[in-house]
Amino acid sequence: GDHHACGEKAGPMAGIGLTAVAGRVGGRRDGQILHRSKSWTLQPEMQFKTKDPASSGLQENVTGAELPPEDYRELDLLIDKMCAAEQFKERRFIATRYDMIFAKPDNTTIADAIPLREVRNVLLEDDCVRVETMMGGYNSGRPYVVRLESTEEAARMFKVLSGMVRWAIADSKKRQKFTDRARNACRDVYTSQWSQGLVAALIILNFIINASEAQVRAEEGSEVGDMFKLFDMTFTIIFAFELLVNMFTNWFRPFWDDGWNVFDFVVVSVSIIALLVNALPGMSVLRLLRAFRVLRLFGRMGAQRRLINAIVMSLWPVCNAMLVVLLVMSIYAILGVEFYGH
């Protein structure tokens, strides 16, 4: 669930230079600390007191797996976690060097987890701590809100988690190869709001130029026709470069598993073929596919993307319903011919 704080922003806090936000005030019952290691008072340099785990964090879906041994736990507390409908429910919170783990109080299996290296932001909201995760990561950008027994406990939790997140990110970068570091840096730039906004603006501009070209219908070889051809070449090169950046940042399976990326690849590939090869038959039809570039805009707009995805996912159930209707109509047609054919 999400949580929106109100109030004014305060100054920078300890940890990874994040912001503390004044949130709503509300009383709550006292929580219970199951286990508190010395790392509760750690500074951001992270002098850990537990064993060094063999792995560097979550590699796959761990929901339902057993909780880590106590030797690997930096924190083990009972807190309140915001769940569905913005309702707080009691959960067990465990922090290791690389992960934050949630479990039900009377359960020994993992209910949810957050890789610390994928935490994008940590916010202090009165007696709550809000953790924002990375888009496209293990938690798909989902925010988490936990509530402590007091504002002091929340401030201490914020300070410790900030330091642990900073350490996990630095440790993850040390373990990465040069290509992985370059890919992550490129992904941060490519997925940023201004970058996606620029690509969306170019798609809209290209659509306007294509509509103008269809309206003007300039003759081949004329000055206006050459201008439109230059525009087409420029946009094709830009979109080809954008596609290469997208493929590099999401290679291999994350790229091809996304239907919008496959659509981008097809549209851009057709545009390149139509631009380079003019003698082949059917090139005029391929050039018409340039008009579909504007549909790439829906892949960058959340509401429209969800709408298109819902329509596509409903096609198969609708086809099944049409098949049932066809069978029923065929049965009645056979009966009608048998009874009233003469």
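Residues numbered from 1 in each chain as written. Predicted model: local features only at pLDDT ≥ 70, side-chain atom pairs only at ≥ 80, totals over all residues. Heavy atoms only, no water.

**Some words on the overall build of the protein**
Secondary structure assignment for the protein yields eight helices and ten strands. The buried share among the 342 residues of the protein stands at 37%. Long-range contacts, defined as pairs at least 24 residues apart, comprise 59% of the intrachain contacts of the protein with a sequence gap of at least 6. Element-wise, carbon and sulfur atoms account for 62% of the exposed surface of the protein, whose accessible area totals about 20300 Å². (Helix = DSSP H or I, 4+ residues; strand = E, 2+ residues; numbered from the N terminus. Buried < 20%, exposed > 50% of the residue type's maximum accessible area, 1.4 Å probe, protein only. Contact = heavy atoms within 4.5 Å. Areas by Shrake-Rupley, 256 points an atom, 1.4 Å probe, with all protein chains shown as cover.)

**Points about the nonpolar core**
Grouped together as the largest cluster of nonpolar side chains are 25 residues, with contacts concentrated most on Phe93, Met100, Val129 and Met157. Of all the elements in the fold, those that place two or more residues in this core are strand S4 (75–82), strand S5 (88–95), strand S6 (99–103), strand S8 (119–125), strand S9 (128–133), strand S10 (143–147) and helix H1 (151–175). Looking at this core element by element, the count peaks at eight residues for H1. The contacts of Met100, once residues within four sequence positions are left out, are Phe93, Ile94, Asp112, Ala113, Ile114, Leu116, Val119, Val131 and Leu161. Val199, Ala200, Ile203 and Phe235 belong to the second largest nonpolar core, which has 13 residues in total. (Core = buried A, V, L, I, M, F, W, Y, C linked by side-chain atoms within 4.5 Å.)

**Some thoughts on the pattern of salt bridges**
All told, the structure shown has 13 salt bridges when counted by the stated rule. Note that Glu220 and Lys229 form a salt bridge whose closest N and O atoms lie 3.0 Å from each other. Sharing partners across several salt bridges, the network here consists of Arg73, Asp76 and Arg92. (Salt bridge = Lys/Arg side-chain N within 4 Å of Asp/Glu carboxyl O.)

**What about the confidence of the model for the protein?**
Residues with a pLDDT of 70 or more make up 80% of the protein, whose mean pLDDT is 79. Considering only residues more than four positions removed or in separate chains, one finds that residues 1–47, a stretch of pLDDT under 50, has 112 contacts. (pLDDT = per-residue confidence, 0-100.)

**Observations concerning the side chain of Ser195**
Tracing the backbone through its elements, the reader meets Ser195 in helix H3 (residues 193–216). Judged by relative accessible area, which is 11%, Ser195 ranks as buried. When neighbours within four sequence positions are excluded, Ser195 is seen to be in contact with Val189 and Tyr190.

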